[in-house]
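Survey of secondary and tertiary structure
The chain contents come next:
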Amino acid sequence: MTDTSTDEENRRGGLPGQSRGEAVIAGLIDWSVRSKFFVLVCVIFMAAAGILSVQKTPLDAIPDLSDTQVIIRTDFAGQSPQIVEDLVTYPLSATMLGLPKTKNVRGYSMFGSSFVYIIFEDNVDQYWARSRVLEALSTVQGDLPAAARPEIGPDATGVGWVFQYALKDDSGRYDLSDLRSLQDWFLKFELATVAGVAEVASVGGFVKEYQVLVDPNRLRAYDVPLSRIAAAVRGASMEAGGRVIEQSETEWMIRSRGYITSIDDLAQTVVYAAGGTPVLLSDIAEIVEGPELRRGVVELDGEGEVVGGIVVMRAGENALRVIEGVKKKLEELKPGLPEGVEIVTVYDRAPLISGAVNYLTE
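Residues numbered from 1 in each chain as written. Predicted model: local features only at pLDDT ≥ 70, side-chain atom pairs only at ≥ 80, totals over all residues. Heavy atoms only, no water.

**Quick notes on the nonpolar core**
Stated precisely, the cut-off is as follows: In plain words, nonpolar cores are sets of buried Ala, Val, Leu, Ile, Met, Phe, Trp, Tyr and Cys residues tied together by side-chain atoms within 4.5 Å. Only protein chains enter the accessibility calculation, which uses a 1.4 Å probe. A residue is then buried if its area is under 20% of the maximum for its type, exposed if over 50%, and partly exposed in between. Runs of E in the DSSP output that reach at least two residues are strands. Runs of H or I that reach at least four are helices, and both are numbered from the N terminus. Working rule for contacts: check all heavy atoms of both residues, and any pair within 4.5 Å makes them a contact.
Counting residues in each nonpolar core, the largest one holds 27 residues, and the members touching the most others are Phe163, Tyr165, Leu167, Leu187, Val197, Val326 and Ile343. Among the secondary structure elements, those contributing two or more residues to this core are strand E5 (161-169), helix H6 (176-191), strand E6 (197-203), strand E13 (307-313), helix H11 (319-333), strand E14 (341-348) and helix H12 (350-361). Sort the elements by how many residues they give to this core and H11 lands first, with 7 residues. Not counting the four nearest positions on each side in its chain, Val326 is found in contact with Phe163, Leu191, Val194, Val197 and Val311. In this structure, Ile72, Val116, Phe120 and Ala148 belong to the second largest nonpolar core, which totals 20 residues.

Structure representation (structure tokens):
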């Protein structure tokens, strides 16, 4: 008699007593031994793919477990939290509740500002969510007060704060307002060009502005409403364009230059004409250069106030690569700083990331 099961195993290439899985593994090993060149090509290809994947894998020491969310900030200057809640936060929150795949909407109202957080369901793309919010903002814009200016926050997450620096002046030649201007008009714009940076937030110092201090007694004496003062200031910093005049085969463009560049320009602003005599803004108010209202300060090592910058990374970017790009850009910008001003690193996540990678490697 013939054992049919043994004959079937022999036809499969297996040995007597082997299971089907063991026979498949034995056949794979036998084929690999006979196809050495093909196996070597596969190994090289897999090794190259592994190296490329390691190089492109985003490195970060802090896992990003935050939800997909979009933040809407609305400035409504001079209004109480209750007014901000009724006229801004509530209409925005009610509209955002109707967005698709929305999990939760949270609104916060404070003096002069409103924050609305739209949290989406898991696995929702960040930029798909932002586009839905922008569409909803275009529909609700007409229901908001004219002075309310809503804008969405950067495309970042709660762990996007990867780098922070401070500006110091040990020479005493520059005050906090000068350092803040240096941060806002030089460093901030340059660092925003680094790949992966979503926002560079300025903190600390004083923001320069022209302040019009109206005298109520003179305002009543000239019988001028406060709204006319605001309109005069608004209209004083404007330019008007004209047409083109051709003369001697040359085109001359006509325009009226009216941008304010100094306190004197603002002081010479005409509020109205009383009997043919112009009433200037300096006749009614005192114009000074002062700081914008501050809601906080930045201090470094207990030695006094400084101006700082916070670098926020885009969602899904390689934190280590973004930090390296920021450091490289700062080194390029240091020669352009005024004498005596230096950049001090306050927070750097790169050592934490490198330490975590080295620990896993060892």
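Here the narrative resumes, following the displayed structure.
**Concerning the packing of H6 against H11**
Where we set the bar: For every element, the axis is a line fit to its C-alpha atoms; helices are fit only across the contacting stretch, and the angle between N-to-C directions ranges from 0 to 180 degrees. Between 65 and 115 degrees an angle is taken as roughly perpendicular, under 35 as roughly parallel, over 145 as roughly antiparallel, and anywhere else as oblique. By convention the crossing between two helices is left-handed if the near helix lies anticlockwise of the far one by an angle smaller than a right angle, and right-handed if it lies clockwise. Polar here means any residue outside two lists: the nonpolar Ala, Val, Leu, Ile, Met, Phe, Trp, Tyr, Cys and Pro, and the charged Asp, Glu, Lys and Arg; Gly therefore counts as polar.
Contact geometry of H6 with H11 gives a least axis separation of 10 Å together with a crossing angle of 140°. In terms of orientation, H6 and H11 fall into the oblique class. Pair H6 / H11 crosses with right-handed handedness. Judged by residue contacts, Phe186, Leu187, Glu190 and Leu191 of H6 engage Val326, Lys329, Leu330 and Leu333 from H11. Looking at the contact of H6 with H11 residue by residue, the classes come out as 6 nonpolar, no polar and 2 charged.

**Examining the sheet that holds strand E1 (residues 69-75)**
Paired through their backbone hydrogen bonds, the strands of a sheet run either parallel or antiparallel. Which entries qualify depends on this criterion: At least two bridges found by DSSP between two strands is the condition for calling them paired.
With antiparallel pairing, the 4 strands of this open sheet are ordered in space as E2-E3-E1-E4. The open sheet has two edge strands, strand E2 (102-110) and strand E4 (149-152), and neither has a second partner. Shown here is a sheet whose adjacent strand axes are inclined to one another by a mean of 15°, direction ignored. Summarising the sheet, E1 and E4 pair through 4 bridges and their orientation is antiparallel. Note that in E4 the partner of Ile72 across the bridge is Ile152. Across the sheet, helix H4 (residues 81-96) touches E1, E2 and strand E3 (113-120), and the angle it forms with E2 is around 170°.

**Some thoughts on the layout of surface pockets**
The condition that has to hold: For cavity detection a 1 Å grid was placed over the protein atoms alone, and a set of points counts as a cavity when a 1.4 Å probe fits there but cannot get out; an open set counts as a pocket when protein lies on both sides within 12 Å along at least five of seven lines, with lining residues being those that have an atom within 4 Å of a point. Grid points are joined across faces, edges and corners, and a volume is the space filled by probe spheres set on the points.
Each pocket or cavity is described by its volume, and for the largest pocket that value is around 1,900 Å³. Breaking the lining of the largest pocket down by element, the ones donating at least two residues are E1, E3, E4, H6, E6 and E13. At 6 residues, the largest contribution of residues to the lining of the largest pocket is made by H6. Of the residues in the lining of the largest pocket, the class split is 22 nonpolar, 12 polar and 12 charged.

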